[in-house]
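# Coordinate inspection notes
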Amino acid sequence: MTTTTAPHTSSAPAPSPLSLGLRRVRIELKTFFRDRNSAVWNFLLPVLLLVIFGSVFGNQDLGPGITFAQYFVAGMIASGVLYTSFQNLAIAIPMERDDGTLKRLQGTPMPKVSYFIGKIGLVFVAYIAQVTILVVVGVVFYKLHLPSDPAKWFTFLWASVLGLISCTLLGIAFSVVPKNGKGASAVVSPIVLVLQFTSGVFFVFSQLPHWMQVFASFFPLKWLTQAMRSVFLPDSAASLEVAGSWELPACAAVLIAWCVGGLVLSLVFFRWNKRGQA
Amino acid sequence: MSTETTTTPLVVPAPPGADLAVRVRGLRRYYGETRAVDGVDLDVVRGEVLALLGPNGAGKTTTTEILEGYRKRDAGDVMVLGVDPAHGDGHWRSRLGIVLQSASDLGDLTVEESVAHFAGYYPSPRDVGEVIESVGLAEKRRTRGFDLSGGQRRRLDVALGIIGGPELLFLDEPTTGFDPEARREFWELIRGLRGTGTTILLTTHYLDEAEVLADRVGVISRGRLIACDVPARLGGRDESLATVSWREGDEVRTEETHEPTRFVQELAGRHDGEVPALSVHRPSLEDVYLSLIGDDEEPAS
């Protein structure tokens, strides 16, 4: 073992937070896709659910030219937002707090904002990959119609982006709830499942009990699934909605509200340290 | 404490006017009723290796984590490279290297990917290949973290600690779990770093490690620095009595003396040829350490 270079005392400029954030994106993606657990959970499960539900209920007609499979694909794409952002981060960050990742990073000159840029980049790439898989499976096996109207793609874009931002921030805030990394998925997964059941992913929303509809309308997923249905279902399917329309302005408003709420919650509650270590 | 019985102070301060990398005065950190750090004064001179010894729970890690900027303090003045760690910014951090106690992160990345990635955080990092070589991981360059042995993982930790070319390096129990050969190799690495002028603050449980590596040794007990000096003089070690022991017939005799050489000469004169089972024992660093800790834990009489 040899050491040859003297310590630096030069005043070279520090790397910018953005360029370090992009480096973090690369390292997050490498770590994410090499870790088999997260890859399985985030990519195979939604496709598996799609195949199972599609095979069992797929041919039930909800209306003229509308199958449950189409309804379900839209719900799974909305769920993909929740999986890749909220669930992913609310599980991964406690694990990083446990295994020393966060403490090690805290001891370096890396600006904290670069860490969050890395997480946001990871979430967006994972979501794009997941949506691509779901859409391809939906089109090939379940007669999902891709919209030709640019306005619908615009809805898809803003719903995805607002959903990802709000659920990413909520995932960062929620990462303080699990006591440790090991137990994180046991705390987080049931929440995601409950939201899916009550928000019109596994069941047709308008057929749910009224109190369940009210409960779900406080959370982003219900509005996200509704916006996704407006993209991937024919216009005639709007009559299946509780309001008889897609309520897109309301969808956008609730998602924006959760972006703000998520930002406040993550700023107030996020911690780098384990409890009692400061 | 039994400091009254010693003539020299147990905590020998750094020479006046010394260029200090770390200056701590009256540092306190309480957790409820627990006084984790209870009035620590400590100087680390630029360019030296200072080893902090102390039992588990004595406050070593809390003290170093305050210096590293991880923990808050309740009282005291702390300067690390001229900056209060409570207000340390990115530029300050880029001048530090921190090797924490056990971590299990970076398992999915190769050694080279991890070191290259962390190099990017620093304004003027060292050469990635050279750092990997210097910690002895050249052959494991493309091995993922999960596939490294405990000792190899620790070397990766050190590589990440020195990649920024730190002026001050913190090493928290760096060789815990090493086999003897790995520890010796690690010591060479630390000596090499010291040779380049890096200031090193090391905490360890191994007294031989402190003796071999450290310019000065500090002993922390019950939240206070109870002794600090060069290893050869710690706790008045150089002035303490030597024990001469030998055998007369079936009986082992011992004599404690300030002048072992003269005593052995006399002894040799009383014997015809070899003195049976002759040995001269001076207190080892371990003896001194244990007596310092022991004195501190007994209530003052």
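This is a predicted model, so every value here is computed, not measured.

Now for the overall build of chain A. Secondary structure summary: chain A contains ten helices and two strands in total. Listing the helices and strands of chain A from first to last along the sequence gives α-α-β-β-α-α-α-α-α-α-α-α. Here the C-alpha radius of gyration of chain A, 21 Å, is about what a compact globule of 278 residues would show, namely 19 Å. With the C-alpha coordinates aligned to their principal axes, the bounding extent of chain A is approximately 75 × 35 × 30 Å. For chain A, the proportion of its 278 residues judged to be buried stands at 54%. Considering only residue pairs separated by 6 or more positions, chain A has 78% of its internal contacts joining residues 24 or more positions apart. For chain A, the exposed surface amounts to about 12300 Å²; the carbon and sulfur share of it is 71%. Both charge centroids of chain A, one from 20 positive and one from 10 negative side chains, sit 14 Å from each other.

Let's shift gears to the overall build of chain B. Looking only at helices and strands, chain B features nine helices and twelve strands. Considering chain B as a whole, with its 301 residues, one finds that 51% of them fall into the buried category. For chain B, long-range pairs separated by at least 24 residues make up 66% of all intrachain contacts whose partners lie at least 6 apart in sequence. Surface summary for chain B: the accessible area is close to 13500 Å², and the carbon and sulfur share equals 48%. Computed over 34 positive and 52 negative side-chain charges, the inter-centroid distance for chain B is 4 Å.

Contact residues are listed per partner, giving 36 residues for chain A and 50 residues for chain B. In total, about 3700 Å² of surface goes out of reach between chain A and chain B, with carbon and sulfur atoms giving 55% of it. Counting across the interface, chain A meets chain B through five salt bridges. For Glu113 of chain B, the salt bridge is made with Arg34 of chain A, and the minimal N-O distance between the two is 2.7 Å. If you look at where chain A meets chain B, you find 14 residue pairs in polar contact (both at pLDDT 80 or more). Breaking the side of chain A that touches chain B down by element, the ones donating at least two residues are α1 (17-34) and α4 (101-106) of chain A. Here the side of chain A that touches chain B gets seven residues from one element, more than from any other, and that element is α1 of chain A. The residue makeup of the side of chain A that touches chain B, split by class, is 13 nonpolar, 15 polar and eight charged.

Turning our eyes to something else, we now look at the side chain of Ser245 of chain B. Structurally, Ser245 of chain B is set in strand β10 (residues 242-248). Filtering out sequence-adjacent residues up to four positions away, Ser245 of chain B remains in contact with Arg253, Thr254, Ala277, Leu278 and Ser279 of chain B.

Another point: the nonpolar core. One broad trend across soluble globular proteins is that nonpolar side chains are buried collectively. Counting residues in each nonpolar core, the largest one holds 126 residues, and the members touching the most others are Phe72, Ile77, Met228 and Phe232 of chain A together with Val115 of chain B. By residue number, the principal contributor to this core is helix α3 (residues 68-99) of chain A, which donates 17 residues. Residue contributions to this core reach at least three from each of two domains, namely domain 1 (10-236) and domain 2 (239-297) of chain B. By size, the runner-up hydrophobic cluster in this structure holds 27 residues, among which are Val40, Val44, Leu100 and Cys228 of chain B.

On to the environment of Ser291 of chain B, then. Residue position: Ser291 of chain B is located in helix α9 (residues 285-297). According to the relative accessible area criterion, Ser291 of chain B is partly exposed, its value standing at 39%.

Under the counting rule described, the total for this entry stands at 35 salt bridges over all chains. Two residues, Arg191 of chain B and Glu188 of chain B, come together in a salt bridge whose shortest N-O distance is 2.5 Å. Here Arg191 of chain B and its partner Glu188 of chain B are both found in helix α6 (residues 180-195), three residues apart, which amounts to about one turn of the helix. Take Glu188 of chain B: its relative accessible area is 43%, and that puts it in the partly exposed class. Note that Glu248 of chain B is salt-bridged to Arg270 of chain B, the shortest N-O span being 3.9 Å. One end of the pair, Glu248 of chain B, is in strand β10; the other, Arg270 of chain B, is in helix α8 (residues 260-270), and 22 residues separate them in sequence. Assessed through its relative accessible area of 29%, Glu248 of chain B is described here as partly exposed. Connected through shared salt-bridge partners, Arg104 of chain A together with Asp105, Arg153, Arg154 and Asp157 of chain B make up one network.

The next subject is the layout of surface pockets. Where empty space is left can be seen by rolling a probe of water-molecule size over the atoms. All names here are of chain A. Considered as a void within the structure, the largest pocket measures approximately 870 Å³ in volume. Lining the largest pocket are 35 residues, and of these Thr31, Asp35, Ala92, Met95 and Glu96 sit closest to its centre. Here the element with the most residues in the lining of the largest pocket is α3; it accounts for eight residues. Grouping the constituent residues of the lining of the largest pocket by class yields twelve nonpolar, twelve polar and eleven charged.

Turning our attention to the packing of helix α6 (residues 150-174) of chain A against helix α9 (residues 220-232) of chain A. Packed helices, taken two at a time, are described by the angle their axes make and the gap between the axes. Residues and elements named next belong to chain A. Between α6 and α9, whose axes approach to 9 Å, the crossing angle comes to 160°. On the basis of the axis angle, α6 is roughly antiparallel to α9. Both α6 and α9 take part in a crossing whose hand is left-handed. Along its contact with α6, which presents Lys152, Thr155, Phe156, Ala159, Ser160, Gly163, Cys167 and Leu170, the element α9 presents Pro220, Leu224, Ala227, Met228, Ser230, Val231 and Phe232.

What follows concerns α3 of chain A. Residue and element names in this part refer to chain A. Relative to the 46 Å expected for 32 residues at 1.5 Å per residue, α3 spans 43 Å between its end C-alpha atoms, a close match to the ideal helical length. Along α3, the helix axis deviates most sharply at Asn88, where the bend reaches about 35°. For α3, the tally of buried residues reaches 29 of 32 residues, placing the bulk of the element in the interior. Following α3 by one or two positions, Gly100 adopts a phi angle in the positive range, close to 100°.

The next point concerns the packing of aromatic side chains. Residue and element names in this part refer to chain A. The final tally for this structure, using the stated rule, is 22 aromatic pairs over all chains. Residues Phe53 and Phe72 carry aromatic rings whose centres are separated by 4.7 Å and whose planes lie at 15° to one another, so their mutual orientation is stacked. Here Phe53 is found in helix α2 (residues 36-57), whereas its partner Phe72 is found in helix α3, with 19 residues between them in sequence. A relative accessible area of 17% means that Phe53 is categorised as buried. Ring geometry for Trp153 and Phe232: centres 6.3 Å apart, planes at 90°, overall edge-to-face. Here Phe232 lies in helix α9 and Trp153 lies in helix α6, a separation of 79 residues in the sequence. Classification of Trp153 by relative accessible area gives partly exposed; the value is 33%. Under the relative-accessibility criterion, Phe232 is labelled buried at 1%.

Criteria and thresholds
Residues numbered from 1 in each chain as written. Chains lettered and ligands numbered in written order. Predicted model: local features only at pLDDT ≥ 70, side-chain atom pairs only at ≥ 80, totals over all residues. Heavy atoms only, no water. Helix = DSSP H or I, 4+ residues; strand = E, 2+ residues; numbered from the N terminus. Rg over C-alpha atoms; globule rule 2.2 N^0.38 Å. Buried < 20%, exposed > 50% of the residue type's maximum accessible area, 1.4 Å probe, protein only. Contact = heavy atoms within 4.5 Å. Areas by Shrake-Rupley, 256 points an atom, 1.4 Å probe, with all protein chains shown as cover. Lys, Arg positive; Asp, Glu negative; His and termini not counted. Charge placed at Lys NZ, Arg CZ, Asp CG, Glu CD. Buried area = accessible area lost by both parts, 1.4 Å probe. Salt bridge = Lys/Arg side-chain N within 4 Å of Asp/Glu carboxyl O. Polar contact = N/O pair within 3.5 Å; in protein donor to acceptor, adjacent residues only side chain to side chain. Nonpolar A, V, L, I, M, F, W, Y, C, P; charged D, E, K, R; others polar. Core = buried A, V, L, I, M, F, W, Y, C linked by side-chain atoms within 4.5 Å. Domains from an automatic or database assignment. 1 Å grid on protein atoms, 1.4 Å probe; cavity = no way out; pocket = protein on both sides within 12 Å on 5 of 7 lines; lining within 4 Å. Points joined across faces, edges and corners; volume = space filled by probe spheres on them. Axes fitted to C-alpha atoms, helices over the stretch in contact; angles between N-to-C directions. Parallel < 35°, antiparallel > 145°, perpendicular 65-115°, else oblique. Left-handed = near helix turned anticlockwise from the far one by under 90°. Expected span 1.5 Å × (residues − 1). Bend = angle between axes of the 7 residues up to and from the residue. Phe/Tyr/Trp six-rings, centres within 6.5 Å; stacked < 30°, edge-to-face > 60°.

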